[in-house]
Amino acid sequence: MRKRVALPLLFSVLVGASFLAERFSREKPLPEDQAIAEIVARARALLTATYPGSAREPALRGAHAKASGCVKAVFTVDSDLSDALRVGSFGHPGERYKAWIRFSNSAFTPGPDKNPNGRGMALKLIDADPDHAVDARTNPPHDLLFINFPAYFLADANDFLAFVRAGGLQGDQQHALRYFFPGYNPFAWRLREAAIVYRNATREIASPLRTDYWSMTPYKFGPDHAIKYAARPCIASTGPAPAKDEPDYLRDALKGELNKAPGCMELFAQMRVGDMPLDDASLEWSQELSPLRRLGRIDMPLQDIAAEGRDEACENLSFNPDNAPALLAPLGGVNRVRIRLYQASAAYRLGHNGAIATDPEKAWDHF
Ligand code: HEM
């Protein structure tokens, strides 16, 4: 009898103690701007250490360092777009944009495509009609960034700071595990976040053109609404499983496909409904509550992504979620981190490489 009481009692005391220990040992969140300042300083220090001024090899992006390629495209706003969706870059049904897409692996350092990875798609809409040499449209380019999973593994700036302090920017498993499992106390384990990374990184794709993508983070949609973006292939394809032996099999697939036939993606908006979170990028918005609504189509003509000079032009292109019209501006803590960090990463890269930023429209007209 005594043992039957003592053991569960001991267990519940242990559980209670661990729970409280975790609560009281958790770091107090910093004000967001302080967290972002520390993140940027640490990221800059890492870039400088990885690509010191004296180093001859080129500096790469602080994340999504390896590109599968840059694809020339045309984005067309749906001609039957409903009034509710006619906002900003999508304000004129039937309007067409010159566009570039950079497909990438999300890892901080380049490696074989078979390595577990999220897959990135960075779309840049250039405010110019592909058919008219001279065009009166003058808006700056609008960047839309995606990864092939509906949720990000970090909720906000303080989460990202904790990830950076754990050494997460090093990009190796050991440091990432230190973030997800910071100690022996199971209450401190970040199991849900670890599951997001695992599920994203183990999604196998045959080609960058044959997977779905999500913006993960929210954006303004006019004065009163917010959305998340999504993109997916126009035709769900059932091609053969990828031959993963080749280190760059995704680039090979992209090159091979666009040499043979045009590519196509659809762009969607998911409207925020009710109190869907704006400040927790790790929480997916239910498509049952808010189905995807099509905004337009991304057409990729027949092309040679390995044409001379294309990779260099691609490397010197830079994207930032902040490159958006005011009515479609980025929202949420994760986006506020990204705005600063992408600026710092791109500036370091171009500066270290003595490179001139690619003019997206000139490059579009050239290639
Ligand atoms: C706090 C969270 C994040 C941080 C710190 C971060 C950091 C970075 C950095 C430093 C770059 C390289 C930028 C450059 O050098 O030009 C980058 C690129 C990229 N990120 Fe993020 N990122 C975050 C979240 C996300 C999210 C939520 C998405 C999802 C859509 C995303 C998608 C991308 C893509 C597609 C690129 C490649 C852009 C290109 O091709 O130039 N990132 N990220």
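Coordinates for the structure precede this section.
What you see is a predicted model, and the numbers here were worked out from it, not measured in a lab.

Visitor: So what's going on with the packing of helix H2 (residues 32-50) against helix H3 (residues 157-165)? Which residues, and what values?
Guide: In the contact formed by H2 and H3, the axes pass within 9 Å of each other and the chain directions differ by 30°. Between H2 and H3 lies a crossing of left-handed hand. Counted together, Glu32, Ala35, Ile36, Glu38, Ile39 and Arg42 of H2 and Ala157, Asn158, Phe160, Leu161, Val164 and Arg165 of H3 form the full contact between these two elements.

Visitor: Any details on the state of the cysteines? Residues and values, ideally.
Guide: Taken as a whole, this structure holds 2 disulfides when the rule is applied. Each sulfur of the disulfide joining Cys70 and Cys314 lies 2.2 Å from the other. Taking the sign of the S-S torsion, 70° for the link of Cys70 and Cys314, the bridge is right-handed. Of this pair, Cys70 sits in strand S1 (residues 66-77) while Cys314 sits in helix H7 (residues 310-315), and the two are 244 residues apart along the sequence. Take Cys314: its relative accessible area is 4%, and that puts it in the buried class. Here Cys234 is linked by a disulfide to Cys264, with a sulfur-sulfur distance of 1.8 Å. Handedness here is read from the sign of the S-S torsion; for Cys234 and Cys264, about -60°, the answer is left-handed.

Conventions and cut-offs
Residues numbered from 1 in each chain as written. Predicted model: local features only at pLDDT ≥ 70, side-chain atom pairs only at ≥ 80, totals over all residues. Heavy atoms only, no water. Axes fitted to C-alpha atoms, helices over the stretch in contact; angles between N-to-C directions. Helix = DSSP H or I, 4+ residues; strand = E, 2+ residues; numbered from the N terminus. Left-handed = near helix turned anticlockwise from the far one by under 90°. Contact = heavy atoms within 4.5 Å. Disulfide = S-S within 2.5 Å. Buried < 20%, exposed > 50% of the residue type's maximum accessible area, 1.4 Å probe, protein only.

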